[in-house]
Amino acid sequence: MKTRADIYGQEAAELLREISMYPGLSEKQLIRFHPGKEDKVRNLLVHLQRQGRTALAETGGYFPQGEHTRAADAGLIRSVWILLDFIDRVEFHSPSDFPVKLLFFSAGNMYEVVYVAAGQETLIAQALRQYRQGESRRIVLVEDAGQIPLLDFPDISGFCMVGPDGKVSYYKKTGGM
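**Student:** An account of the sheet that holds strand E4 (residues 100–106) is needed here, citing residue identities and associated values.
**Tutor:** Backbone hydrogen bonds hold the strands of a sheet together, and the pairing may be parallel or antiparallel. Spatially, the six strands line up as an open sheet ordered E3-E4-E5-E6-E7-E8, and their pairing is mixed. Edge positions in the sheet fall to strand E3 (90–95) and strand E8 (168–171), since each has one partner strand and no second. Pairs of neighbouring strands in the sheet enclose a mean axial angle of 25°, with direction left out of account. With four bridges connecting them, strand E7 (residues 156–162) and E8 associate as antiparallel partners. Looking at E8, one finds that Val162 is bridged to Val168. Each of E3, E4, strand E5 (109–116), strand E6 (137–142), E7 and E8 touches helix H4 (residues 74–86); the most contacted strand, E4, lies at about 15° to it. Against the sheet, helix H5 (residues 121–129) touches E5 and E6, its axis set at about 150° to E5.

As structure tokens, then:
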């Protein structure tokens, strides 16, 4: 007979991994990592809090215990919404280093999600011109559509914006906005 730990152990470990990799994710985002298991994820989040392994910040984001006092990386949290649009086809995902917020593999291709805060267009474009071309496809997350004409660097597959509700809108530079 399987114990509760046997049944929920793998899901709890995956949930803790996601919270550790992307501190500050909302319950809604964590549920999207596990389609069809909404109730199980909610129950596990409560259980992990009771165990003292995670903490729910005032902002509504989940953090590994002890890290909830720091602010979440808003660019990373918004980038995760893009990852979640592809999650059913993702083979691997991980946070990354500046200027890339996260990367994931899907269908043999590597995708990088690049977050460009307003006013950082020149900095990000210059940094990404230094990278070798052709290694990945870049999805560029902007705060405002007016940033798109200011961005030009290799391997851009498209642009997007994330609404407050997590809805992602995708754009092409050459196509009409």
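**Student:** Please set out the packing of aromatic side chains residue by residue, giving values where relevant.
**Tutor:** How two aromatic rings sit relative to each other is given by the distance of their centres and the angle of their planes. The full count for this structure, using the stated rule, is six aromatic pairs. Note on Tyr22 and Phe33: the rings are 6.2 Å apart at their centroids and 15° apart in plane angle, and the pair reads as stacked. Here Phe33 lies in the loop between helix H2 (27–32) and helix H3 (38–50) and Tyr22 lies in the loop between helix H1 (4–21) and H2, a separation of eleven residues in the sequence. With a relative accessible area of 0%, Tyr22 lands in the buried category. For Phe33, a relative accessible area of 8% gives the class buried. Seen from their ring centres, Phe86 and Phe104 are 5.4 Å apart, and the 35° between their planes marks the pair as tilted.

**Student:** I'd love a proper account of the pairing of E6, names of residues and values included.
**Tutor:** Counting buried positions along E6 yields five of six residues, so the element is predominantly enclosed. One ladder, built from six bridges, connects E5 with E6; its direction is parallel. What sits directly across from Tyr115, in E6, is Leu141. The sheet contact formed by E6 and E7 spans four bridges and is parallel. Note on E7: the bridge partner recorded for Arg138 is Ile156.

**Student:** Lay out unusual backbone geometry in plain terms, naming residues and giving numbers.
**Tutor:** Residue Pro99 follows Phe98 across a cis peptide bond; omega there is 5°. The backbone of Ala107 shows a phi angle near 50°, a positive value even though the residue is not glycine. Of note, the phi angle at Asp155 is positive, near 70°, even though the residue is not glycine. Examined against the element boundaries, Asp155 turns out to sit in the loop between E6 and E7.

**Student:** Pulling in residues and values, what's your account of H5?
**Tutor:** Of the residues making up H5, those classed as buried are Glu121, Ile124, Ala125 and Leu128. Here the buried residues of H5 occupy an arc of 100° about the axis, which is enough to place them on one side. Of the surrounding secondary structure, the elements contacted by the buried residues of H5 are E5 and E6.

**Student:** Please give an account of the pattern of salt bridges that cites residues and values.
**Tutor:** Here the structure, examined in full by the defined rule, presents nine salt bridges. Where Arg42 meets Glu27, a salt bridge forms, and the shortest distance between an N and an O atom there is 3.1 Å. One end of the pair, Arg42, is in helix H3; the other, Glu27, is in helix H2, and 15 residues separate them in sequence. With relative accessibility at 36%, the residue Arg42 sits in the partly exposed group. By relative accessible area, Glu27 is classed as partly exposed at 28%. A salt bridge links Glu143 to Arg78, with the shortest nitrogen-to-oxygen separation between them at 4.0 Å.

Conventions we followed
- Residues numbered from 1 in each chain as written.
- Predicted model: local features only at pLDDT ≥ 70, side-chain atom pairs only at ≥ 80, totals over all residues.
- Heavy atoms only, no water.
- Pairing = 2+ DSSP bridges.
- Helix = DSSP H or I, 4+ residues; strand = E, 2+ residues; numbered from the N terminus.
- Axes fitted to C-alpha atoms, helices over the stretch in contact; angles between N-to-C directions.
- Contact = heavy atoms within 4.5 Å.
- Phe/Tyr/Trp six-rings, centres within 6.5 Å; stacked < 30°, edge-to-face > 60°.
- Buried < 20%, exposed > 50% of the residue type's maximum accessible area, 1.4 Å probe, protein only.
- Arc of directions from axis to C-beta.
- Salt bridge = Lys/Arg side-chain N within 4 Å of Asp/Glu carboxyl O.

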